[in-house]
Amino acid sequence: MIWSHFAAAEAWNGFEVQNALIPLTAIEGGGPPRDSIPTLDHPRFTEAKNTDWLKANDRVLGIYRNGIARAYPVAILNWHEIVNDVIGDEPVTVTYCPLCGSGVAFKSEVDGRRLRFAVSGLLYNSDVLIYDRETESLWSQILGQAVTGKFKGTRLQRIVLTHTHWQDWKKRFPDSSVLSRATGFQRDYSRNPYHGYAESRNIWFSVSHQDERLPPKAWVAGVEHEGHFRAYPFDELAKTPGMVHEQLGSAEIVVHYDPDNRSVRVTDATGTEIPVIAAYWFAWYAFHPDTEIFRAPAHPSRNEARDTP
């Protein structure tokens, strides 16, 4: 009995997973053990005008918040996956899962308590399970929800994050700061440790649901409102004029697509930008199997075409 307890603890990288919100059989080890992918807890930044190592088409995750613009290059996030940052006086955590292509940013306070997140070494639906160091609760990145521990069931507040090319972000925010390669860790940020993965149809880890309506690694922008989910494939948006008016549940939204930078923004009826998750299709569908898929109509109108499961 004692042996089985320790064996289970080792299997879950030392995390307490009893009574998890997700099936234990769906939690997998990602290979690297807990904390072996080091988070950036004291990030350094350079000015955009002094950042000469990024190429025009390099991908960045951009945040404009509290009057401050910051860019987090995917070339760095591939190696660290989490940045615990403060923008203005607001604690923010930026996360990136290379397996799902998903970048998600959260306010990292719960009930007035700041949380600092790290990489658990575990996956659910091929997506990184992060954990907070304060309680060791495990959180699903794409769900933005704690699935074990003290905070089980709690959701983090997502904030607007833009997945785009460096040339686009720099043009929009020339005074932006940029996450520095001076991270304190010895990593070759010029090398992609997942080289070839995005171009392959292969999914390295198991997922709960799969759907062949789109290629597994097709880029989609996933939008959620009041339990309604819709995926906007970039290739479908490319067939539109670049602005699509939609009804999602009770919400009027406008989807803005930039074909030059393969970037999506979504605004509500007031013109306020709302959070979107840009990710591979397989990842969005694994978490939201009841999602609709936007299809560009032959003759665009306000009531756009879409597929339902």
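Heads up: the structure comes first, above all this text.
Residues numbered from 1 in each chain as written. Predicted model: local features only at pLDDT ≥ 70, side-chain atom pairs only at ≥ 80, totals over all residues. Heavy atoms only, no water.

**Observations concerning empty space enclosed by the protein**
Tallying each qualifying case throughout the model produces three cavities of 30 Å³ or more. Its boundaries defined by the atoms lining it, the largest cavity holds a volume of some 100 Å³. Taken together, the elements giving at least two residues each to the lining of the largest cavity come down to β3 (59-65) and β21 (263-267). A breakdown of the residues in the lining of the largest cavity according to their chemical character gives six nonpolar, three polar and two charged. One number sums up the size of the second largest cavity: a volume of about 50 Å³. When grouped by side-chain class, the residues that make up the lining of the second largest cavity number five nonpolar, two polar and two charged. (1 Å grid on protein atoms, 1.4 Å probe; cavity = no way out; pocket = protein on both sides within 12 Å on 5 of 7 lines; lining within 4 Å. Points joined across faces, edges and corners; volume = space filled by probe spheres on them. Helix = DSSP H or I, 4+ residues; strand = E, 2+ residues; numbered from the N terminus. Nonpolar A, V, L, I, M, F, W, Y, C, P; charged D, E, K, R; others polar.)

**A word on the layout of surface pockets**
Size it by volume and the largest pocket reaches roughly 710 Å³. Counting residues per element, the lining of the largest pocket draws most heavily on helix α2 (residues 74-80), which supplies three residues. When the residues that make up the lining of the largest pocket are grouped by side-chain class, the tally is twelve nonpolar, seven polar and six charged. Of the volumes computed, that of the second largest pocket is approximately 320 Å³. Around the second largest pocket sit 22 residues that line it, and Gly30, Pro32, Ile37, Glu81 and Tyr194 are the ones nearest its centre. With four residues, strand β10 (residues 117-124) is the single largest residue contributor to the lining of the second largest pocket. In terms of residue class, the lining of the second largest pocket is built from 16 nonpolar, four polar and two charged.

**Quick look at the side chain of Asn84**
You can see Asn84 is positioned in strand β5 (residues 82-87). Judged by relative accessible area, which is 2%, Asn84 ranks as buried. Here the side chain of Asn84 touches Thr93 through a polar contact of 3.1 Å, side chain to side chain. Polar contacts involving the side chain of Asn84 include one to the main-chain carbonyl oxygen of Phe117, which spans 2.8 Å. In contact with Asn84, not counting residues within four places along its chain, are Thr39, Leu40, Asp41, Pro43, Val92, Thr93, Arg114, Arg116, Phe117 and Arg133. (Buried < 20%, exposed > 50% of the residue type's maximum accessible area, 1.4 Å probe, protein only. Polar contact = N/O pair within 3.5 Å; in protein donor to acceptor, adjacent residues only side chain to side chain. Contact = heavy atoms within 4.5 Å.)

**Notes on the sheet that holds β21**
Reading across the sheet, the four strands line up as β19-β20-β21-β22 and stay open at both edges, with antiparallel pairing between neighbours. Of all the strands in the sheet, the pair left with one neighbour each is β19 (243-248) and β22 (273-274). In this sheet, β22 lies alongside β21 in antiparallel orientation, the contact comprising two bridges. Opposite Thr267, over in β22, you have Glu273 as the bridge partner. (Pairing = 2+ DSSP bridges.)

**So, the pattern of salt bridges**
Where charged atoms of side chains with opposite charge meet at close range, the side chains can pair. For the structure on display, the rule yields 18 salt bridges. Close ionic contact of Lys49 with Glu47 constitutes a salt bridge, the shortest N to O distance being 3.7 Å. Judged by its relative accessible area of 44%, Glu47 falls in the partly exposed class. Salt-bridge contacts for Arg295 lead to Glu236; the nearest nitrogen and oxygen are separated by 3.7 Å. With Arg295 in strand β24 (residues 292-295) and Glu236 in helix α4 (residues 234-237), this residue pair connects regions lying 59 residues apart in the sequence. Sharing partners across several salt bridges, the network here consists of Arg34, Asp35 and Glu136. (Salt bridge = Lys/Arg side-chain N within 4 Å of Asp/Glu carboxyl O.)

**Some thoughts on the pairing of strand β6 (residues 90-97)**
Within β6, eight of the eight residues are buried, which leaves the element mostly enclosed by the surrounding structure. Side chains Glu90, Val92, Val94 and Tyr96 of β6 all project onto a buried face; the interleaved residues Pro91, Thr93, Thr95 and Cys97 project onto the opposite face, where all are buried too. In this sheet, β6 lies alongside β5 in antiparallel orientation, the contact comprising six bridges. Among the inter-strand pairings, Ile87 is bridged to a residue of β6, identified as Glu90. Between β5 and β6, which pair antiparallel in sequence order, lie two residues; one of them, Gly88, sits at a positive phi of approximately 70°. Here β6 pairs with strand β7 (residues 102-107) via six bridges, running antiparallel. Considered in β7, the bridge of Tyr96 is made with Gly103.

**Side note on unusual backbone geometry**
In this structure, Asp35 takes a positive phi of about 70° despite not being glycine. With respect to the helices and strands, the residue Asp35 is situated in the loop between β1 (27-29) and β2 (45-47). When its relative accessible area of 39% is taken as the criterion, Asp35 is described as partly exposed. With a phi angle near 50°, Glu226 is a residue other than glycine that sits in the positive phi range. As for its position among the elements, Glu226 is in the loop between β17 (219-225) and β18 (228-233).

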